[in-house]
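Coordinates in review
Listed here are the chains, written in short residue letters.
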Amino acid sequence: LGLLLLIIFYPVLFGSKALFLIDITSLDQGLTTYVVNFIKNGELPLFTPDILSGNPLLGVYPPLYYPPMLLFLILPFHLAFCLLVILHLFLAGLGVYLTGIHWKLSKAGSLYGALIYSLNGYMMESQNMYQWLFAFCWIPFIFLYTEKTIDNKNFKNFFFLTLFSALQLATGRMDFFYFTQMFLWIWIIWRLVNIYKFNDQSETSKGNIQDLFKITGLLVLSIILAILLLSVEILPLLDYLKITDRSGGALIEDALGSSLNPFQLLQLIFNNLFGDIFYNRYISTLIFGINPTLFYNLYIGLPAFLIII
């Protein structure tokens, strides 16, 4: 997996190529460099008067409390960003591989899962919004150490579950943390129902109930500790969310504009089926009713599709 990533990113690491020309260059590079200069001058970047009529920084963007962001303090933006992308794509695949091994899948099957998760179109495109990529990479580890905590209720598993939950929160994507937890608890309930068998009035039933409460308590405590650790970032973010124009949700017209019919889903695998929608977006939207931005985000690609089969 590491070798594949080095081959894919070789032109960026050792050549003159850049990863993207959208949010990365128009927003991330400038704002990250701006915040790094604050920190290098010994200042905590709480607020800037230089954007519009003033703009908050702490708890908004970029994720100041995410440990890998330290790379930006010691390396040029281009190199630090590229290394972070490679690192997180590798970690994403590693997490899936280790989870597969824990589930007693074959090494080959675990590796296929790692390749699909790490190198699919959505993950590769998420470099453009690097907080997404950071948040995605910790999902397999959160599931893995939830499994390990259920199987073996020791401090080590509890510690790593809390750590990986906190790291996902530190990326600044509370929405991704929320959805991870939502699906995680569906998984936890299914796992616990399958593990414990209850017989009324029996000693086994009483022991199972006590064990169940202990596991549930550990998992809930892990989430609470992760949130408390990142409260310095979460509380300002919640405060800002109340005054943003996005707090009201999307209009129904906007939501319907991103809907796909089953035939259009083929575009997610064969990206030139209706022509090059990325460069002829207005024409493709008029003729085929396709939202090109959505395809740009959800593109799977034929190689990943064949591996899945």
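Residues numbered from 1 in each chain as written. Predicted model: local features only at pLDDT ≥ 70, side-chain atom pairs only at ≥ 80, totals over all residues. Heavy atoms only, no water.

The subject of this paragraph is the packing of aromatic side chains. For the structure on display, the rule yields 21 aromatic pairs. Ring geometry for F160 against F164: centres 6.0 Å apart, planes inclined by 25 degrees, an arrangement best described as stacked. Here F160 pairs with F164, and both are found in helix α9 (residues 155-170), just four residues apart, close to one helical turn. Judged by its relative accessible area of 26%, F160 is partly exposed. One aromatic cluster in this structure is built from W138, F141, Y145, F155, F159, F160 and F164. The side chain of R173 reaches across the aromatic face of F176, ending 4.8 Å from its centre. (Phe/Tyr/Trp six-rings, centres within 6.5 Å; stacked < 30°, edge-to-face > 60°. Helix = DSSP H or I, 4+ residues; strand = E, 2+ residues; numbered from the N terminus. Buried < 20%, exposed > 50% of the residue type's maximum accessible area, 1.4 Å probe, protein only. Lys NZ or Arg CZ within 6 Å of the ring centre and 35° of its normal.)

A few words now on unusual backbone geometry. Of note, K104 is a non-glycine position whose phi angle comes to about 65 degrees, a positive value. You can see K104 is positioned in the loop between α4 (77-102) and α5 (107-119). Judged by its relative accessible area of 75%, K104 falls in the exposed class.

These results come straight from atomic positions and should not be treated as a statement about function.
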